[in-house]
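In case you want the letters, here they are:
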Amino acid sequence: MFHYPPFTIHPMTDPNLKDWLLIARIAGWQAADILLKTQNLELNIQNSEDGPVTEADTAANAAILTTLQTQLGTQEFGYLTEETYKLEPSSDRLQHSWVWVIDPLDGTQEFIRQTGEYAVHIALVHDHRPVLAVVVCPAVGKLYFATLNGGSFLEQRDGTIAPLRVSQRHQLEEMIVVTSRSHRNQRFNQLMARFPCQTQKSIGSLGGKIAAIADQRADVYVALSGTSAAKDWDLAAPELILTEAGGQFTHFDGSPLLYNQKDATQWGGILASNGQNHDFLCAEATRILNELGD
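Residues numbered from 1 in each chain as written. Predicted model: local features only at pLDDT ≥ 70, side-chain atom pairs only at ≥ 80, totals over all residues. Heavy atoms only, no water.

**Examining the overall build of the protein chain**
As a reminder of what qualifies: The helix count covers DSSP runs of H or I at least four residues long, the strand count covers runs of E at least two residues long, and both are numbered beginning at the N terminus. Exposure categories follow from relative accessible area, calculated using a 1.4 Å probe and restricted to protein chains: below 20% of the type maximum is buried, above 50% is exposed, and the middle band is partly exposed. By definition, residues are in contact when any of their heavy atoms lie within 4.5 Å.
Regarding its fold elements, the protein chain presents eight helices and 14 strands. For the protein chain, with 294 residues in total, the buried portion stands at 52%. Taking all contacts inside the protein chain whose residues are at least 6 apart in sequence as the whole, residues at least 24 apart take part in 64%.

**Things to note about the sheet that holds strand E8 (residues 151-156)**
In plain terms, the rule: Two strands are said to pair when DSSP picks up at least two bridges between them. Structural elements are reduced to axes, namely lines fitted to C-alpha atoms, with helices fitted over the stretch in contact, and the angle between N-to-C directions of any two is expressed from 0 to 180 degrees.
Pairing is mixed across the open sheet formed by seven strands, whose spatial order is E3-E4-E5-E6-E7-E8-E9. Either end of the sheet is taken by a strand with one partner, and the two such strands are strand E3 (77-81) and strand E9 (161-163). Between one strand axis and the next, the sheet turns through 20 degrees on average, direction left out of account. In this sheet, strand E7 (residues 142-147) lies alongside strand E6 (residues 129-137) in antiparallel orientation, the contact comprising six bridges. Within the sheet, the bridge partner assigned to Val136 lies in E7 and is Leu143. On top of the sheet, helix H1 (residues 17-38) reaches E3, strand E4 (98-106), strand E5 (119-126), E6, E7, E8 and E9; it is set at about 30 degrees to E6, its chief contact. On the sheet, helix H7 (residues 232-244) packs against E3, E4, E5, E6, E7 and E8 and is oriented at approximately 95 degrees with respect to E6.

**Remarks on the pairing of E6**
Among the nine residues of E6, eight are classified as buried, and the element is accordingly described as predominantly covered. Bridge analysis of E5 against E6 gives seven bridges, and the strand direction is antiparallel. Across the sheet, residue Val120 finds its bridge partner in E6, namely Val136. Two successive antiparallel strands, E6 and E7, enclose a turn made up of four residues, where Gly141 displays a positive phi of approximately 65 degrees.

**Some remarks on helix H2 (residues 55-72)**
As a reminder of what qualifies: For a helix, the expected span equals 1.5 Å multiplied by the residue count minus one.
For H2, spanning 18 residues, the distance from its first C-alpha to its last is 25 Å, which sits close to the expected 26 Å at 1.5 Å a residue. Every buried residue of H2 is accounted for by Ala56, Asp57, Ala60, Asn61, Ala63, Ile64, Leu65, Thr67, Leu68, Gln71 and Leu72. Looking at the residues trailing H2, positive phi occurs at Gly73, about 80 degrees.

**Re the environment of Thr250**
Selection criterion: Counted as a polar contact is a pair of N or O atoms within 3.5 Å, where, for protein atoms, one must be capable of donating a hydrogen and the other of accepting one, and residues adjacent in sequence contribute only when both atoms are in side chains.
Positionally, Thr250 belongs in strand E13 (residues 248-251). Given the relative accessible area of 11%, Thr250 is considered buried. Along the backbone, Thr250 and Ser273 are 23 residues apart, and their C-alpha atoms lie at a distance of 9.1 Å. Non-local contacts of Thr250, meaning those with residues more than four positions away in its chain, are made with Ser255, Leu257, Gly269, Ile270, Leu271, His278 and Cys282. A distance of 2.9 Å separates a polar atom in the side chain of Thr250 from a polar atom in the side chain of His278.

**Some thoughts on the side chain of Asp57**
We apply this condition: When charges are counted, Lys and Arg contribute as positive and Asp and Glu as negative, whereas His and the chain ends are disregarded. Within this document, salt bridges are pairs made up of a side-chain nitrogen of Lys or Arg and a carboxyl oxygen of Asp or Glu, the two lying within 4 Å of each other.
By the secondary structure assignment, Asp57 is in helix H2. For the buried Asp57, no salt bridge exists, and the shortest N-O distance to an oppositely charged side chain is 13 Å, to Lys231. Asp57 has contacts with Glu83, Pro104, Leu105 and Thr108, leaving out every residue within four places of it along the chain.

**Comments concerning the environment of Ala212**
Summarising the element assignment, Ala212 is placed in helix H6 (residues 206-214). By relative accessible area, which is 0% here, Ala212 ends up buried. The sequence separation of Ala212 and Leu242 amounts to 30 residues, and the corresponding C-alpha distance is 9.4 Å. Setting aside residues up to four positions removed in sequence, Ala212 forms contacts with Ile203, Arg217 and Ala218.

**Some points on the packing of aromatic side chains**
Formally: When two rings of Phe, Tyr or Trp (its six-membered ring) have centres within 6.5 Å they constitute a pair, described as stacked for plane angles under 30 degrees, edge-to-face for angles over 60, and tilted for the intermediate range.
Inspection of the entire model under this criterion finds five aromatic pairs. Relative to Phe77, the ring of Trp20 has its centre 5.4 Å away and its plane inclined at 85 degrees; by these criteria the two rings are edge-to-face. With Trp20 in helix H1 and Phe77 in strand E3, the pair connects residues that are 57 residues apart, well separated along the chain. The two residues Trp20 and Phe77 agree in class, both being buried.

**Some remarks on the pattern of salt bridges**
Following the criterion strictly, the structure yields nine salt bridges and no others. A salt bridge links Arg194 to Glu291; the nearest nitrogen and oxygen atoms lie 2.3 Å apart. Of the two residues, Arg194 sits in helix H5 (residues 186-194) while Glu291 sits in helix H8 (residues 278-292), which places them 97 residues apart along the sequence. Glu291 is paired through a salt bridge with Arg287; the nearest N and O atoms lie 2.9 Å apart. With a gap of four residues between them, Glu291 and Arg287 both fall in helix H8, about one helical turn apart. Taking relative accessible area as the criterion, Arg287 reaches 35% and is therefore assigned partly exposed. If you follow the salt bridges from partner to partner, you end up with Arg194, Glu284, Arg287 and Glu291 in one network.

What follows is the structure, encoded as structure tokens:
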């Protein structure tokens with residue numbers, strides 16, 4: 001579908017998010033094709049402390065890195081991926097202000113179960129905040145992309161592109177909370193039982209959840225710290241897709257998420273929304289959790 005730009009990009013002498021976005025979209029579709037081709041094959045599943053890893057994860061990760069590094073190099077850019085972050089010293093990426101943050105397979109459990117609810121995340125972070133994002137949902141042939149202050153868009157497999165805008169639902173009883181099927185502990189269930197928005201929709205991958213808010217199928221997402229606390233690669237790309245579509249994505253206290261720090265885990269409560277009642281919902285989540293205690 002795509003062809004590489006017929007020129008050499010010099011990132012730091014002529015920063016151009018449009019050029020970088022094209023390369024990231026190419027990498028996203030390539031990774032999607034790899035995942036679609038391997039989803040029905042023997043996956044050679046290996047368990048790690050962060051969850052299962054398949055040959056599809058590593059193949060998609062290698063393809064993304066090859067595309068980005070062939071076109072952009074490693075001198076000016078750092079790279080933080082779920083598959084390699086423990087194998088490389090954090091100093092390699094912390095010394096860079098521009099860092100690619102990659103999850104080649106968000107929703108590995110869903111991929112293994114063949115539900116189709118998995119995604120590919122590619123984000124470019126500058127000074128700890130996302131400035132470019134791609135989220136691909138391979139099973140439905142959709143690629144979401146955004147650049148800082150450039151809007152958020154949905155690209156179909158046939159090349160059709162349309163702008164994204166979150167819903168305007170604001171009545172609490174009408175707002176839809178998108179939740180996980182597998183990453184739900186007792187504390188989260190207790191929070192949801194008392195949360196102001198009671199309508200829930202289950203979607204497997206985190207990228208898929210945030211995409212659902214960006215394209216008006218849902219309105220709110222809530223995450224708590226714990227054994228399955230989200231990492232940079234889970235959130236960086238989905239965050240920009242949502243905020244450029246008009247939504248909000250913050251910690252419960254309203255502070256922004258910071259990426260490419262020494263610890264790649266995003267601790268603390270996080271709430272994403274269509275922007276309606278965002279501060280109120282953050283405050284309510286905090287109040288309910290305080291009342292529930294430890």
